[in-house]
Amino acid sequence: MTRKSTPFNAKTTAYEILTGIDLTGRRIIVTGGASGIGLETVRALQGAGADVTVATRNPTGGQRALDLSDLGSVRAFVDDWSGPVHVIVANAGIMALPARQVAANGWELQLATNFLGHFALITGLRENLRQAGDARVVMVSSGAQLHAPFDFDDPHFERRPYDPWVAYAQSKTADVLLAVGAARRWAADGITANALAPGYIHTNLQRHLDDATMRAAGAMDDEGNLLTPDYYKTPEQGAATSVLLAGSPLLDGVTGRFFSSENQEAEVVRGGPGATAGVAAWSVDPAAADRLWAYALTATADH
């Protein structure tokens, strides 16, 4: 299968992705769309004419409440939605919580928020996606998926030692596998599903990182001031790949793929400590996707 290429690059902005594109009539849900790259995703899609619903944990005027770690909140959102939905951008997330935290139902909080809540939302709205006729699911994953497969034996760190980055990585691997699983199941309904890594951007996502970690990344000086290394993106650039998958006609019919922060389909590589680019083979493995789908169906049905 030939990898999909586009005329864009790592510095392309979300607005440039949609130049000349009319999304009037498209109903789009963006989770976590109140700040960071989610906000820029919303602005770009609205600028192209889309009707965008911002789903966020702490809504303000015109937004809808959605706490992805609370299945009651997810089900209330689903029950309140009527009519087709053309695109769901699963953007909300938390990263590298320094200590293990759990949702009310006992789920590890990164997996609950980044994956399981989104799974419940997207599967809950499947009929609405089908009604659209040409719907898209966009999973905002991360380059972190290169560093840990999904641990089916202990996904919530109930027995193994908790590691902030392993927990984050497996949740982002799960996001890619969700796209692969949806692509395998929903093509006949006209629904495509793809995942992406947005790249490095200064946003609230880094709020749990300590200064030493930020300095090691070259993103903070010795006085605690934020720095912007050359490999970092602006929020407008960071939202570009989400917008590409959500609104560009270049992605018509493309499904089950992973796109890099350079706005190109990524090469499948062997994941592990030395991996720096591409998508890990474990993140796009069809057998793992099917196993995870079955796990998530059971998990979300039981709570």
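Structure shown above.
Since the structure is predicted, the reported quantities are computational estimates derived from the model, not experimental observations.

About the criteria used
- Residues numbered from 1 in each chain as written.
- Predicted model: local features only at pLDDT ≥ 70, side-chain atom pairs only at ≥ 80, totals over all residues.
- Heavy atoms only, no water.
- Core = buried A, V, L, I, M, F, W, Y, C linked by side-chain atoms within 4.5 Å.
- Buried < 20%, exposed > 50% of the residue type's maximum accessible area, 1.4 Å probe, protein only.
- Helix = DSSP H or I, 4+ residues; strand = E, 2+ residues; numbered from the N terminus.
- Contact = heavy atoms within 4.5 Å.
- Pairing = 2+ DSSP bridges.
- Right-handed = clockwise from strand over helix to strand, strands pointing away.
- Axes fitted to C-alpha atoms, helices over the stretch in contact; angles between N-to-C directions.
- Parallel < 35°, antiparallel > 145°, perpendicular 65-115°, else oblique.
- Nonpolar A, V, L, I, M, F, W, Y, C, P; charged D, E, K, R; others polar.
- Phe/Tyr/Trp six-rings, centres within 6.5 Å; stacked < 30°, edge-to-face > 60°.
- Polar contact = N/O pair within 3.5 Å; in protein donor to acceptor, adjacent residues only side chain to side chain.

Asker: Give me the lowdown on the nonpolar core, citing residues and values where you can.
Answerer: Of all hydrophobic cores here, the largest spans 58 residues; its most connected members are Phe-115, Ile-122 and Leu-129. Mapped onto this core, the elements with two or more residues apiece are helix H3 (71-80), strand S4 (87-90), helix H4 (109-124), helix H5 (126-132), strand S5 (136-140), helix H6 (164-186), strand S6 (192-196) and helix H10 (286-301). When near neighbours in sequence (up to four residues on either side) are disregarded, Phe-115 contacts Gln-110, Ser-171, Ala-174, Asp-175, Leu-178, Leu-292 and Ala-296. Residues Ile-21, Leu-23, Ile-28 and Val-42 belong to the second largest nonpolar core, which totals 30 residues.

Asker: Hey, could you go over the pairing of strand S1 (residues 27-31) for me, with residue numbers and the actual values?
Answerer: Extensive coverage of S1 is indicated by the burial of 4 of its 5 residues. Of the strand pairs in this sheet, S1 and strand S2 (residues 51-56) are connected by 5 bridges, and their pairing is parallel. The residue of S2 that forms the bridge with Ile-29 is Thr-53. In the classification by handedness, the crossover that spans S1, the intervening helix H2 (residues 36-47) and the parallel S2 is right-handed. Relative to S4, S1 runs parallel, the two sharing 3 bridges. Its bridge partner being in S4, Ile-29 is matched across the sheet by Ile-88.

Asker: Run through the side chain of Thr-192, naming residues and quoting values.
Answerer: Inspection of the secondary structure puts Thr-192 in strand S6. If we skip the residues at most four places from it in the chain, Thr-192 touches Ala-135, Arg-136, Val-137, Gly-253, Val-254 and Thr-255.

Asker: Give me the lowdown on the environment of Val-102, citing residues and values where you can.
Answerer: Counting through the fold element by element, Val-102 comes out in the loop between S4 and H4. For Val-102, a relative accessible area of 40% translates into the label partly exposed. Through-space distance from the C-alpha of Val-102 to that of His-156 is 8.5 Å; in sequence the pair is 54 residues apart. Ignoring anything within four residues of it in the chain, the contact list for Val-102 reads Trp-107, Glu-108 and Leu-109.

Asker: Could you give me a rundown of the packing of H6 against H10, with the residues and numbers involved?
Answerer: Taken N-terminus to C-terminus, the directions of H6 and H10 make an angle of 90 degrees; their axes are 8 Å apart at the nearest point. As summarised for this structure, H6 and H10 are arranged roughly perpendicular, according to the angle between their axes. Residue-level inspection shows Ala-174, Leu-177, Leu-178, Val-180, Gly-181, Ala-182, Arg-184, Arg-185 and Trp-186 of H6 in contact with H10, the latter providing Pro-286, Ala-288, Ala-289, Asp-290, Leu-292 and Trp-293. Class assignment for the residues of the contact of H6 with H10 results in 11 nonpolar, 1 polar and 3 charged.

Asker: Lay out the packing of aromatic side chains with the relevant residues and their values.
Answerer: All told, the structure shown has 8 aromatic pairs when counted by the stated rule. Consider the rings of Phe-119 and Trp-293, whose centres lie 5.0 Å apart with planes at 80 degrees: the pair is edge-to-face. Here Trp-293 lies in helix H10 and Phe-119 lies in helix H4, a separation of 174 residues in the sequence. In this structure, Phe-119 and Trp-293 share a single accessibility class: buried. Ring geometry for Phe-157 against Tyr-162: centres 5.4 Å apart, planes inclined by 75 degrees, an arrangement best described as edge-to-face.

Asker: Can you break down the environment of Glu-265 residue by residue, with the values?
Answerer: Examined against the element boundaries, Glu-265 turns out to sit in the loop between strand S9 (258-259) and strand S10 (268-269). For the pair Glu-265 and Gly-278, spaced 13 residues apart in sequence, the C-alpha to C-alpha distance is 8.6 Å. Within the structure, Glu-265 has its side chain in polar contact with the backbone nitrogen of Lys-4 (distance 2.7 Å). Side chain to side chain, Glu-265 and Arg-257 meet in a polar contact 2.6 Å long.

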